[in-house]
Amino acid sequence: MKKLLFRSYLKQKLMLLFILLTNALAQAQSNTSKESEYRNSPLWITMMNDPNENYFETVKAFRIFFTDRFLPEEPWEKMQEGADSFEKEVGLETGNENSREKEREKEREKRKQKPNSPNYAAEVRAFRSWFYSVQPWVQSDGSIVTPDEQQRIIDAQHKELKEEELKNGKN
């Protein structure tokens, strides 16, 4: 009897282990296919325009897309020192300035050979603006506070400031 119960218990545990391993493999394959999609198409553009999209996932999609591409150069970047801080913040940290310039020069030469390759300059500019404007409203799970909730928070802060001013004005 004990032997039969042990075999049944063992079968259940092995089946559970098999299901867990299968699930883990499916999840890993799903993440790989998602990263492949991020690498091959600019999904970050639609993701940043969707208020329900996860902030961290959107930044990840941007980073993966530009891992083997170069960010379009902005005219003001040449004039500013430390202009690559955005690249560092999104995880596209590059080497020193000289190697970065050499890489960009190579990219410009490639683009001259491929005149129809997309530049994404306007989209990157929009992403950069979105990245900085949304940061204060990102919650720990990556969700972004809705505009209505943002307004409620701002109104509550204004109310607190007014109350504080009245309180300090009376003293």
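Refer to the structure printed above.
Bear in mind the structure is a predicted one, so any value in this text is a computation, not a measurement. (Residues numbered from 1 in each chain as written. Predicted model: local features only at pLDDT ≥ 70, side-chain atom pairs only at ≥ 80, totals over all residues. Heavy atoms only, no water.)

1. Points about the overall build of the chain
The number of helices and strands found in the chain is seven helices and zero strands. Its helices and strands in sequence order give the chain the pattern α-α-α-α-α-α-α, from N to C terminus. In the chain, which comprises 171 residues, the share counted as buried stands at 24%. Across the chain, every contact between residues at least 6 apart in sequence was considered, and the portion connecting residues at least 24 apart equals 66%. Accessible area of the chain: about 13000 Å², with a carbon and sulfur share of 55%. (Helix = DSSP H or I, 4+ residues; strand = E, 2+ residues; numbered from the N terminus. Buried < 20%, exposed > 50% of the residue type's maximum accessible area, 1.4 Å probe, protein only. Contact = heavy atoms within 4.5 Å. Areas by Shrake-Rupley, 256 points an atom, 1.4 Å probe, with all protein chains shown as cover.)

2. Regarding a negative patch on the surface
The grouping of E160, E163, E164 and E165 at the surface amounts to a negative patch. Inspection of the secondary structure assignment puts E160 in helix α7 (residues 147–170). (Patch = residues over 30% accessible without salt bridge, like charges linked within 9 Å, V, L, I, M, F, W, Y side chains within 5 Å. Salt bridge = Lys/Arg side-chain N within 4 Å of Asp/Glu carboxyl O. Lys, Arg positive; Asp, Glu negative; His and termini not counted. Charge placed at Lys NZ, Arg CZ, Asp CG, Glu CD.)

3. Considerations on the packing of aromatic side chains
Considering all chains together, one arrives at 15 aromatic pairs under this definition. Seen in terms of ring centroids, W44 and F62 are 5.0 Å apart; in terms of plane orientation they differ by 85°. Their pairing is edge-to-face. Remark: F62 occurs in helix α3 (residues 55–65) and W44 occurs in helix α2 (residues 43–48); sequence separation between them is 18 residues. Look at W44 and you get buried, because its relative accessible area is 0%. What makes F62 buried here is its relative accessible area of 0%. Consider the rings of W44 and F127, whose centres lie 5.7 Å apart with planes at 80°: the pair is edge-to-face. Of this pair, W44 sits in helix α2 while F127 sits in helix α6 (residues 121–134), and the two are 83 residues apart along the sequence. (Phe/Tyr/Trp six-rings, centres within 6.5 Å; stacked < 30°, edge-to-face > 60°.)

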